[in-house]
Amino acid sequence: MTKTTKENSVHELSVPFGAGKLRFETGRLALLANGSVTVTYGDTVVLATAVVGDVPREGVDFFPLLVDYEERLYAAGKISGSRFIKREGRPSENAVLTARLIDRPIRPMFPKDYRNDVQVIVTVLSYDEDHNPDVVSIIAASAALALSHAPFIAPIAAARVGVCDGKIVINPTAAQLKEATLDLVVAGTGDKVLMLEAGGHEVPEATFLAAIEAAQKEFKPLIEAQKTLAKDSPDSVQVTPDETLHLEVKKYLGEKLGPVAREADKLRRQEMIGAFEKEVLTNFEGNYKQIDLKAVFNAILEKEVRDAILTDGFRPDGRALDEIRPLSAEVGVLPRTHGSGLFSRGQTQALTIATLGSPGDKQFIDTMEEEGTKRYMHHYNFPPFSVGEVKPVRGASRREIGHGALAERALLPVLPQIDQFPYTIRLVTEVLSSNGSSSMAATCGSTLALMDAGVPISAPVAGIAIGLISKDPYAVQGVENDYQLLTDIQGIEDFAGDMDFKVAGTKVGITAVQLDMKVRGISTKVIEVSLARAKDAREKILEFFKSVLEKPRPELSHYAPRIYTVKIDPKKIGELIGPGGKVINGIIDAHGGKEVLAIDIEPDGTVMVSSADAKAADAAINEIRSITAGIEVGQVYTGTVAAIQTDRLSGKEIGAIVQLTPNKDGMVHISQISKQRINKVSDTLRVGEKVQVRVQDVDEARGRISLTMRLDEDPSERKEFSPRPAARRV
């Protein structure tokens, strides 16, 4: 359906998408952007804008594309839960991942030599839980670029695919995704795939391929709709690279870079590259800009690497095309951590550390799309020394967040259920050296660290990256034939290659996938062969794991907390917590403080006490049981004298208040302190003194507990005490 309003040039167009319709609207919002479109799916509405710089950015040798994904709490009808800051702040982790999801498929659709700034901003204006804005945002970003004068080669489309109850579902709802065995986002052109992002529960390769093909069937109407919207848009900027400099540098270098493409050692190769680059910069100094010379030098080096692989089947380190680099691994490498795994594949080395925490250590999430807790986290650090560089160390980059999320997703399906293993689990990967595929090294290190920590994972997970070198990488139709696949790509192959296809999984199937392209896409046939290569490599790594640690350790680390579970009456939860948390905090403080002890309470009355100190945990459990247990007649307690009770009229001491538990106390009448007559309670008892008492009577209606210190008497033979009536005042 197409609808045009002439007065303000508003164009609307709707196309079928999954079980619903996707509606495009242009000409209403953000009219000063070079391209803007509002896309609606269900009640989810996103605004995508594209702005293109007028001139190339000086001093860069890359395409300066910037994609921002803006979550707005108002879109979901929320106000920030923070007491002090109500405005949206820095992007959430989900927003960063979505921005990457948008960036990855649109970047290859620009000319390689384009240097003008391009900024795409996607703002979520309305959000309903059943129509995820990430896929809608990819389509909207493509449409905005198509409407602009940017040299965007062709529109793209995207779809989410779930496998629910064994059936393939396009754009499943949030409820369906919770039960789905596969959550896959596919982006591409009409018949080629540009990007994949997936998490699965040990999904077979055949099912994964079928899901991709199902997504592709949705693409054509979405792409045709964008072409219709953009038919009256300004012509795209033409990019015509100047070949003069390239030819001059190529002639000067001759065959010098041939040996560089065949140097196995990364450090030696970097030294050779640096020397030749310096030589080129010196020779052409004053004639051309340094940044242009570097870009041409890299392009020539890239061509040398590609030719060696395509023509001779020769990889820089001499491996066969399907060969994995040498593997090595250790576990338990750090003495005080709860679990650690050091994994190396060639010159890529990752150290992953596992930390187990109490249920209360979960991460609280409050974003536009999510509200709840997260019990498993993986954080990935990529310091500059890992690639021999000098850079300031700042907060986590988008890349680090993305790689950490991929490794996290890969292990999630094999973690034990929370009722079997209630710990909060945090993994941190320190990339110590990187020569390609550090995220998959982090995945392998995660498996080793979890098993070393004694986490009962259902199966080990390994990951591998598959690369691609094609004969005609920038063909508009994408890659179909004339290519070589590379198992376990290293840094220079990633630099010169066309694809980074990361696949993680168990022996049974796939748990996570991430595909990034530099070319205009690949066919499902290439994907099928790549998955087969990845499976073969994954099984070899999983077999290698057996020589390091075959299964999770039977016991947790001595330094890890133990979680003890106590069941109480849910009606007693309030008593255990106390006013303002006074009672529960008192228990924690009395037994070592928060550094030693943690107590978490579930609504069903499950109380979990976490501590590495067994004595502290036992004492806390006894106190919890004492507090939540009902006070019964005949029970004997060791209590503390809290106060001396006096008569309100006469002022005489009539008894003592004894604290039985932190939230319960009772009264010992003066006659029940001793068999001998006592004139004053304070002659026998002092405030703060520990005494043994027995419960004589419990008055639930009035909330009173009567106690006695005369423990040697038979309770069944005791006489009821009736105090003498007070004299009437006349």
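Everything below is about the structure printed above this text.
What counts as what
- Residues numbered from 1 in each chain as written.
- Predicted model: local features only at pLDDT ≥ 70, side-chain atom pairs only at ≥ 80, totals over all residues.
- Heavy atoms only, no water.
- Phe/Tyr/Trp six-rings, centres within 6.5 Å; stacked < 30°, edge-to-face > 60°.
- Buried < 20%, exposed > 50% of the residue type's maximum accessible area, 1.4 Å probe, protein only.
- Lys NZ or Arg CZ within 6 Å of the ring centre and 35° of its normal.
- Core = buried A, V, L, I, M, F, W, Y, C linked by side-chain atoms within 4.5 Å.
- Helix = DSSP H or I, 4+ residues; strand = E, 2+ residues; numbered from the N terminus.
- Contact = heavy atoms within 4.5 Å.
- Pairing = 2+ DSSP bridges.

Peer 1: Can you lay out the packing of aromatic side chains for me, pointing to particular residues and giving the numbers?
Peer 2: Taken as a whole and assessed by the stated rule, the structure comprises 10 aromatic pairs. The interplanar angle of 15 degrees and the centroid separation of 6.3 Å between the aromatic rings of F110 and Y114 together place this pair among those described as stacked. With centroids separated by 6.4 Å and ring planes inclined at 55 degrees, the aromatic side chains of F284 and Y288 adopt a geometry described as tilted. Note on Y288: relative accessible area 26%, which makes it partly exposed. By the ring-pair criterion, three or more aromatic residues cluster together here, those being F63, F110, Y114 and F152. The side chain of K256 reaches across the aromatic face of Y252, ending 4.8 Å from its centre. Its end group placed over the ring of F382, R399 keeps NZ or CZ at 4.2 Å from the ring centre.

Peer 1: Account for the nonpolar core, with residues named and values stated.
Peer 2: For soluble globular proteins, nonpolar side chains are generally found buried alongside one another. Ranked by internal contacts, the top residues of the largest apolar core, which has 133 residues, are L22, F24, L196, F208 and F501. Considering every element that reaches this core, the biggest residue donor is helix α2 (residues 133–147), with 11 residues. Residues within four places of F208 in sequence aside, it is in contact with L182, L184, L196, A198, V203, I510, V513 and L531.

Peer 1: Tell me about the pairing of strand β10 (residues 182–188), residues and numbers included.
Peer 2: For β10, the buried fraction is high: 7 of the 7 residues fall into the buried class. The two faces of β10 match: L182, L184, V186 and G188 on one face and D183, V185 and A187 on the other face are all buried. Bridge analysis of strand β8 (residues 157–164) against β10 gives 7 bridges, and the strand direction is antiparallel. Counted as the bridge partner of A159 is V186 from β10.

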